Structure formats: C-alpha cells, structure tokens
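# Survey of secondary and tertiary structure
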Amino acid sequence: MVEGTRQVTIQMEKLVREWEVLDDQRTVFLSCYLLMTQNMVRAIDKGEFRDPEWVDGLLRLFAGYYFDALSHFERDSAETPAVWQLTFEATRNPDTMVMQNLFLGVNAHINYDLVLTLRELLEPEWSSLSESERHIRYLDHCKVNDVIGRTVDSVQEQVIEDLIPAMDVVDKIFGPLDEKFTAWLIGRWRDEVWEQAIYLIEAPNQNVRVSLQANVENEALKKARLMLLR
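So, how was this worked out
Residues numbered from 1 in each chain as written. Predicted model: local features only at pLDDT ≥ 70, side-chain atom pairs only at ≥ 80, totals over all residues. Heavy atoms only, no water. Helix = DSSP H or I, 4+ residues; strand = E, 2+ residues; numbered from the N terminus. Contact = heavy atoms within 4.5 Å. Axes fitted to C-alpha atoms, helices over the stretch in contact; angles between N-to-C directions. Parallel < 35°, antiparallel > 145°, perpendicular 65-115°, else oblique. Left-handed = near helix turned anticlockwise from the far one by under 90°. Nonpolar A, V, L, I, M, F, W, Y, C, P; charged D, E, K, R; others polar. Core = buried A, V, L, I, M, F, W, Y, C linked by side-chain atoms within 4.5 Å. Buried < 20%, exposed > 50% of the residue type's maximum accessible area, 1.4 Å probe, protein only. pLDDT = per-residue confidence, 0-100. Salt bridge = Lys/Arg side-chain N within 4 Å of Asp/Glu carboxyl O.

### Regarding the overall build of the chain
- A tally of helices and strands in the chain yields nine helices and zero strands.
- The helix and strand sequence of the chain, counted from the amino end, reads α-α-α-α-α-α-α-α-α.
- A sequence separation of at least 24 residues applies to 76% of the contacts in the chain between residues at least 6 apart.

### So, the packing of helix H3 (residues 52–74) against helix H5 (residues 98–126)
- Interhelical geometry of H3 versus H5 gives an angle of 130° and a closest axis separation of 9 Å. Our classification of the angle between H3 and H5 gives oblique. In this structure, H3 meets H5 at a crossing whose hand is right-handed. Residues Trp-54, Leu-58, Leu-61, Phe-62, Tyr-65 and Tyr-66 of H3 form the contact with H5, whose participating residues are His-109, Asp-113, Leu-114, Leu-116, Thr-117, Leu-118, Glu-120, Leu-121, Leu-122 and Glu-125.

### Some details on the packing of H3 against helix H4 (residues 82–90)
- Where H3 meets H4, the axes come as close as 10 Å, and the angle between the chain directions of the two elements is 70°. When the axis of H3 is compared with that of H4, the two are roughly perpendicular. Like other packed secondary-structure pairs, H3 and H4 cross with a definite hand, here right-handed. Of the residues in H4, those in contact with Tyr-66, Ala-69, Leu-70 and Phe-73 of H3 are Trp-84, Gln-85, Phe-88 and Glu-89.
- Classifying every residue of the contact of H3 with H4 by side-chain character gives six nonpolar, one polar and one charged.

### Thoughts on the nonpolar core
- Judged by nonpolar contacts, the single largest core of 69 residues is most densely connected at Tyr-66 and Leu-118.
- The set of elements that each furnish at least two residues to this core consists of helix H1 (3–22), helix H2 (26–45), H3, H4, H5, helix H6 (131–163), helix H8 (177–201) and helix H9 (206–227).
- Here this core takes 14 residues from H5, the largest share from any one element.

### Topic: the confidence of the model for the chain
- When the pLDDT values of the chain are averaged, the result is 90; 89% of them are 70 or greater.
- The spread of mean pLDDT over the elements of the chain runs between helix H7 (residues 166–174), the lowest at 40, and H4, the highest at 98.
- The low-confidence segment residues 165–177, where pLDDT is below 50, has nine contacts with residues more than four positions distant or belonging to other chains.

### A few points about the side chain of Arg-209
- Mapping Arg-209 onto the fold places it in helix H9.
- Residue Arg-209 is classed as buried on the basis of its relative accessible area of 17%.
- Residues within four places of Arg-209 in sequence aside, it is in contact with Arg-119, Glu-123, Leu-200, Ile-201 and Ala-203.

### Remarks on the pattern of salt bridges
- According to the stated counting rule, one finds 13 salt bridges in the structure shown.
- We note a salt bridge from Glu-123 to Arg-209, for which the minimum N-O separation is 2.8 Å. With Glu-123 in helix H5 and Arg-209 in helix H9, this residue pair connects regions lying 86 residues apart in the sequence.
- Taking relative accessible area as the criterion, Glu-123 reaches 28% and is therefore assigned partly exposed.
- Of the charged contacts, one joins Glu-219 and Lys-222 as a salt bridge, the two residues approaching to 3.3 Å between their closest N and O atoms. In this pair, Glu-219 and Lys-222 both sit in helix H9, three residues apart, roughly one turn of the helix.

Written as structure tokens, this is what we have:
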C-alpha cells in the first residue's frame, strides 16, 4: 500500500545525495522532509492512522506539489509558485542561514502546498462524506502532528547539528524546549491549513475560490519574507 510513498523517498534520497555533493542548500529542507516522510511510512505500517490508504495518497500527492515546484524553478518557469521562487532563490544566497532555509521550505510546503493538496484530495469526496467520515479525515490529518513531534528531534540530531555544530550546545542548554516550540508552531500552521482547505472546497463560486487561493499564497509569502527579515 505504501510502495508509492517509498518510491517518493527514494527520489528524495537521490536528490539529497546529489545536492550534498554540490553543497546545494536545498538539501537542508529536503533532508528533513525525507526524514518526516520515512517516519510517516513507518507510522502507516504500524497502523497509527484510521484510513492508511487515504494518508498514503495524501503523502504522494503532497510530495508531488514539492517536486512540481522544483521542476518549474529549475526550468525558470513562470509557473513556479511565488513562495517557492523566493524559497529556492534564498538557498543560493550565502547569507541565508541554515535555519532560515529549513523554515522557508517548511513554510512553503505546509502553508501553501498542503492547502492545495488537501483541497485536491478532499474535494471529490467531500459532499458525499458524512460528518463522522469528515471527522475521521481530520483526525488522520491531526495524527500527523504526532509524527512531526517525533521527527523534530531526529531532524536536529541528524541534519541540523551536522550543519550547525553550535546547535548541539543550544540543545543541551534549552533541552526539549526548542523542539517542542517547533512542533507546536507546525501543528498550529497545520490547523490553519485544514481550515483554509475547507474554505476552498466550500467556496460558493470560482471567483471566491481564486481569491481565497491567492490569499493562501500571499500569507505564505508574508511568513517567508518575515523569516528573511525583509
């Protein structure tokens, strides 16, 4: 069932290896995304989700948005989402810090891609789902936050501390506080993302939907610019 998602992780691993050789800073976010996806596959295998097939489809579709944005950017296409354009360009700037590159990627993928992923996945079935079935979808969406919480510490140990040795000192000083804050922030974003996706699905007409989607990207851009202190 999760074979498609495992193929996604293979694609991620290949890119990470290539980018590490080139010292391409896009590897910062992708390495963390890879860890998260691998942990999601394990969680599916362990039966942690109510509808594992739906979650597996979500993972594959979600990753597709990232790879599409990457493909557009590498072809210098006008179709590159603005928030990803800014995020990928920042990795080419030597003044951009490791943590900025990480959170820029997290912001673009969650606050933009995930809204569109949930909309695309839920929209065909939404009107036919009962309230309890909709709630099951939401519970599986929320369950991902538990996997994120477990992944954050691994990200710091396996990715960030290799790039910023001083982070090991910070971790010893602050203990689990920094990881807890990161998990809390991402969880809060994901709550907002669910609401935005439902607004898009239930929009009364196309004009409203276009306006809502534009607002989603604008808000993600605002967060990205704030991260870059612009």
